[in-house]
2 protein chains.
Amino acid sequence: MTQPRSEEPAAGLLLEAFDPQLFRENSESALGRLEKHLSDLSIRGLELIRPAALTRAAQALMAPDSDQVNPFDEERLGAILDLYIRTGIPVHSPGYMGRQFSGVVPLSGVVDFVSSVVNQPSSFYEAAQLPNVAEQLMAGELNRFIGFDPDRFTMVTTSGGSLANLTALLAARNDKYPDYWAEGGSAVAGRPRPAIAVGADVHYSVSRAAGVLGIGEDQLVKLPLNDAKQICMEQAPHVLQAAESRKLKVFCLVASAGSTSLGAFDPLGELADLARRKDIWLHVDGAHGASLLVSDKQRAKLKGIEKVDSLTWDAHKMLFVPAPCTLLFYRNGEKGQGAFRQQASYVFDEEPDIYTDLDSGSKNFECTKRPMIMPLWTLWSVFGRALFAEKIDYLCDLTAQAHQVVEQEPDFDALHRPESNILCFRYRPSDLIRADETHRLQVAIRNRIKRQGNFFLSKVNVDGVAALRVVMMNHQITVEHFRMLLNEIRKVGEELLHG
Amino acid sequence: MTQPRSEEPAAGLLLEAFDPQLFRENSESALGRLEKHLSDLSIRGLELIRPAALTRAAQALMAPDSDQVNPFDEERLGAILDLYIRTGIPVHSPGYMGRQFSGVVPLSGVVDFVSSVVNQPSSFYEAAQLPNVAEQLMAGELNRFIGFDPDRFTMVTTSGGSLANLTALLAARNDKYPDYWAEGGSAVAGRPRPAIAVGADVHYSVSRAAGVLGIGEDQLVKLPLNDAKQICMEQAPHVLQAAESRKLKVFCLVASAGSTSLGAFDPLGELADLARRKDIWLHVDGAHGASLLVSDKQRAKLKGIEKVDSLTWDAHKMLFVPAPCTLLFYRNGEKGQGAFRQQASYVFDEEPDIYTDLDSGSKNFECTKRPMIMPLWTLWSVFGRALFAEKIDYLCDLTAQAHQVVEQEPDFDALHRPESNILCFRYRPSDLIRADETHRLQVAIRNRIKRQGNFFLSKVNVDGVAALRVVMMNHQITVEHFRMLLNEIRKVGEELLHG
């Protein structure tokens, strides 16, 4: 190992590793591979590799003696990149219908590349000037479709929907129980227990947040769903009433705008009215579905959104940028400042000024935060809203057609009329009647199809019985691809039943 | 807007935006700019722009009518990228000595670029096979320097040090109060209040976590520091005792390995012994300083680390990869599983198998998680440990020399002998005696130097009085650059005092 001296810049290995020319060569090498990857639109699912085998393959790519100086080895890097790209779910392939993450708009990946190299942590204006300005601009653009009072609302980016949901629930907790932050759980000793009402299908991050925040998972009040798997407005008031008589104080209600399981939209306007009557904070987990707001054709599914208190919106789902890029909106900006309350002299300035006004460190959980807004703001600035609206409309339309196809097949059951781009269904030929058999068959079908590697879909339990689930995130998919998937499901199902 | 039809793939704007050839052109354009940026080693600080002016500049770059179809405009993209790069802190310049984020090793940015495009969320093995395997391999590599039992420890990546600290405190809370997750704060009703002991200089994310978790910020027990700003082992037992008599039950103690303010290392071995005697979970916030473990020369500063319960380690600080990349280690892997407790049928499989064994979704907060290990694992695989050790040794050595320089200047006070790469000092000519004057002068110096734009440094309060703070993250800096900074400080200071 060369001995570094600080009278002159470090030499040797460091000079090589930080050499701009090597950076160019490595980038070209990655770029060639990525371009090829993006050009491959063949129909394929996942090549699932046994972890032990993949571990051996990965180990073989590591420099043999990590303690020695290892000069740069182009072949080693190439093999690592190849293995990395090859073993991921091919999100750009028409065979991928399985999850809520998507192939990103390629330009957003390029902007993220810039972020990775220039390294501007964005919780503070001085470290990331343009990202902080872009957040404000993007917030204004998107709020046009939400409809909060432009002078009062606020938006902050954070690292994923789970963190946004936690942050919103924290703002709600601190708003309704101002002493909780300093005193902890004993702030409510002797009073009804704080509780959170949720749709029965709410994302697991919400019950996780209840566990994290000291509310307790047992204090989740589950609101029943109607046939469309939306919160049932006939039953909701009674369930809230019953909770009160069990000495629970529901201070927050979490609705879904695009539930994870089925993409169902809760009736936001009616829930907002109910919440306001009962002085409850209404948070909407729109991680998946809030993006429908940017489409003139889909926006009505979030009718009433302007009346809610807070909204989680994952741009890394239906706005097709690299993960994570989550936007958390508050109708009342001041309350958004209440999630965290602190001072630290090395980051928060004593006297706020025009620069620190734009700091988000007091509104988001992270100290070091990726400038995640930049890929989104750049796409919006370059292509405009039309890019997103066009893709979202295509995907929702495609899913509606897929639903029609399922309806026409006697050996398939559609479980709902899709409201967005998620469709759940079961393969259930007439000779299959018992629920437990149906359940096991769907699980077995999903696993076998995953292993065969032509398609990638997911499964979800609906009313306790497994269902097959497609999430249409890729505009390269046509209804013809979906028919091919159904044929493969039927074939696999028949093999499993009779083979 | 073209009307999308789902009988054939979407056309028009989408075809253009997803065109691999356009992706190549955009990437080349970004790459050229980044290469130039990395090649510019001129001495400069930050060009701080008034937010209103920057907002106007950014707005002018947005497509004029977002609702119209905007065909791709190369010039617009170029101007956005130029503005983005120009307005960040030039972390590769020798003028940057201000914060704990650094210029990344360029190759790690390239790998992060691949992550941005291939989009493999890494909480689940099936979605990100290689990242999950790489996490295990990297955990093993780094644990060689920690020394936990290889068969028992576990490591999980998470989005930043604040989230890692929260997760570790949650594991501690759930370990010591198993009913807390389900019951919330009432699980401890009638018992001594749960409390967390911290070094008085602990990072703000820890007191934030106490507020978040329902422990309450008031239940932080602050342990006094010695002259070196480490937790004082003479006083710690008495302070813990005093807390008990105030009906507090300290269940967790948080030490720092590299405090944010001064880079001080708490005595981990002694703290571990104390914690074990009192059945307290010992968490170490090594966000900044854990990386010193990979250097043979620096490792001793974390003596005793093998006895602690959990450790936060930010690879995006002293391992020089894009943010965020935080590693959270647990000595006892089973307890690391206790931070979160849940099932969700759409992500967690009912029957664990060899594939789901590698899922991290039950151990980390995020559902969608960036495959943040890949840049680090690739650097380690290609260059080996020597790259990191060489850079860390250089930076610590440089900081020690900077300290000597300050000691030799009669108008400067060094506030400590640096243990790592952070040095705090004050400009205090002999005619400046009162503490409040000294405080105001440091703040004013820091602000003016920031605005002048030749150097970027930070400030921190030490014993209630502002100090100037340099963090040496850039191996392009020599002691000569530091002398230049001191000269500029002196000049600015004299202007402020007498000008």
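Sequence order sets the numbering: in each chain, residues are counted from 1 along the sequence as written. Chain A is the first chain written and ligand 1 is the first ligand written, with later ones labelled in order. Only residues with pLDDT of at least 70 are given local features in this predicted model, and only at 80 or more are side-chain atom pairs given and counted; all residues enter the totals for whole chains, interfaces and linings. Calculated side-chain values reflect all of the structure's heavy atoms, with hydrogen atoms and water omitted.

The next thing to look at is the interface of chain A and chain B. In this analysis, two residues are considered to be in contact whenever any of their non-hydrogen atoms come within 4.5 Å of each other. Taken together, the 186 residues of chain A in the interface contact 187 residues of chain B. In this structure, A:Arg99 and B:Glu126 form a salt bridge, with 3.1 Å as the shortest nitrogen-oxygen distance. Residues adjacent in sequence count toward polar contacts only when both atoms are side-chain atoms; beyond that, a polar contact is any pair of N or O atoms within 3.5 Å, and within protein one must be able to donate a hydrogen and the other to accept it. For the interface between chain A and chain B, the tally reads 52 residue pairs in polar contact (both at pLDDT 80 or more). Comment: elements are numbered from the N terminus, with helices defined as DSSP H or I runs of at least four residues and strands as E runs of at least two. Looking at the side of chain A that touches chain B, the element that brings in the most residues is helix α2 (residues 20–39) of chain A, giving 16 residues. Here the term charged refers only to Asp, Glu, Lys and Arg, the term nonpolar to Ala, Val, Leu, Ile, Met, Phe, Trp, Tyr, Cys and Pro, and the term polar to all other amino acids, Gly among them. Of the residues contributing to the side of chain A that touches chain B, the split by class is 93 nonpolar, 54 polar and 39 charged. Salt-bridge detection follows one rule: a side-chain nitrogen of Lys or Arg within 4 Å of a carboxyl oxygen of Asp or Glu.

With that out of the way, let us pick up the relation of the copies chain A and chain B. Turning one copy of the chain about an axis and sliding it along that axis gives the other copy, so a rotation and a shift relate them. Least squares is the method used to superpose the copies, on C-alpha atoms of residues holding a pLDDT of at least 70 in both. Each copy superposes on the other: chain A lies on chain B with an RMSD of 0.0 Å after a rotation of 180° and an axial shift of 0.0 Å. The symmetry that links the two subunits is that of a two-fold axis. In this assembly, 100% of the residues forming the interface of chain A have copies in chain B that are likewise at the interface, indicating an isologous arrangement.

On to the pairing of strand β5 (residues 281–285) of chain B. All names here are of chain B. Extensive coverage of β5 is indicated by the burial of five of its five residues. Note on exposure labels: buried denotes an accessible area under 20% of the residue type's maximum, exposed denotes more than 50%, and partly exposed covers the range between, all computed with a 1.4 Å probe on protein chains only. Here β5 shows two buried faces, one formed by Trp281, His283 and Asp285 and the other by Leu282 and Val284. Remark: the strand β4 (residues 248–256)/helix α11 (residues 268–277)/β5 crossover connection has right-handed handedness. Strand direction decides the pairing type here: β5 and strand β6 (residues 310–314), joined by three bridges, are parallel. For Asp285, the partnering residue across the bridge sits in β6 and is Thr312. The path from the first strand over the helix to the second decides the hand: if it runs clockwise while the strands point away from the viewer, the crossover is right-handed. Pairing between strands is defined by DSSP: at least two bridges between the two strands are required.

Residues and elements named next belong to chain A. What fixes the domain bounds is an automatic or database domain assignment. One can read the domain layout of chain A as domain 1 (39–63 + 73–107 + 384–499) and domain 2 (120–383). Counting from both sides, the interface comprises 28 residues of domain 1 and, opposite them, 32 residues of domain 2. Carbon and sulfur atoms supply 64% of the area buried between domain 1 and domain 2, which totals about 2,800 Å² over both sides. Contact with domain 2 buries surface across domain 1, with Arg385, Phe388 and Glu419 losing the most and accounting together for 28% of the total. Run the count over domain 1 and domain 2 and you get two salt bridges. A salt bridge links Asp296 to Arg385; the shortest N-O distance between them is 3.2 Å. By definition, the buried area sums, over both parts, the 1.4 Å-probe accessible area that each loses when the two are put together.

All right, on to the packing of helix α5 (residues 106–118) of chain A against helix α14 (residues 373–383) of chain A then. Residues and elements named next belong to chain A. The angle between two axes is taken between their N-to-C directions and runs from 0 to 180 degrees, where each axis is a line fitted to C-alpha atoms and a helix contributes only its stretch in contact. In the contact formed by α5 and α14, the axes pass within 8 Å of each other and the chain directions differ by 135°. Our classification of the angle between α5 and α14 gives oblique. Handedness of the crossing formed by α5 with α14: right-handed. Residue-level contacts link Leu107, Ser108, Val111, Asp112 and Ser115 of α5 to Met374, Pro375, Thr378, Leu379, Val382 and Phe383 of α14. Residues of the contact of α5 with α14, tallied by class, amount to seven nonpolar, three polar and one charged. In these notes the angle categories are as follows: under 35 degrees is roughly parallel, over 145 is roughly antiparallel, 65 to 115 is roughly perpendicular, and the rest is oblique. By convention, the crossing between two helices is left-handed when the near helix turns anticlockwise from the far helix through less than a right angle, and right-handed when the turn is clockwise.

Our focus in this paragraph is the sheet that holds strand β3 (residues 220–223) of chain A. All names here are of chain A. Judged by pairing direction, the sheet is mixed, and its seven strands sit side by side in the order β1-β7-β6-β5-β4-β2-β3 without closing on themselves. What marks the edges here is a single partner per strand, and that holds for β1 (154–158) and β3. Strand-to-strand twist of the sheet, defined as the mean angle between neighbouring strand axes without regard to direction, takes the value 20°. Where β1 and strand β7 (residues 326–330) come together, five bridges link them in antiparallel fashion. The partner of Thr154 across the bridge, within β7, is Tyr330. Across the sheet, helix α10 (residues 236–245) lies against β2 (193–199), β3 and β4 (248–256), angled at about 155° from β3, the strand it touches most.

In summary, soluble globular proteins display a tendency toward joint burial of nonpolar side chains. In this structure, A:Phe482 and B:Phe482 are the most contacted members of the largest nonpolar core, which totals 274 residues. The contact partners of A:Phe482, leaving out residues within four places of it in the chain, are A:Met97, A:Ala402, A:Val405, A:Val406, A:Leu423, A:Phe425, A:Val470 and A:Met472. Remark: nonpolar core denotes a set of buried residues (Ala, Val, Leu, Ile, Met, Phe, Trp, Tyr, Cys) joined through side-chain atoms within 4.5 Å. Core analysis: the second largest hydrophobic core is formed by 64 residues, A:Leu170, A:Ile215, A:Leu328 and B:Cys252 among them.

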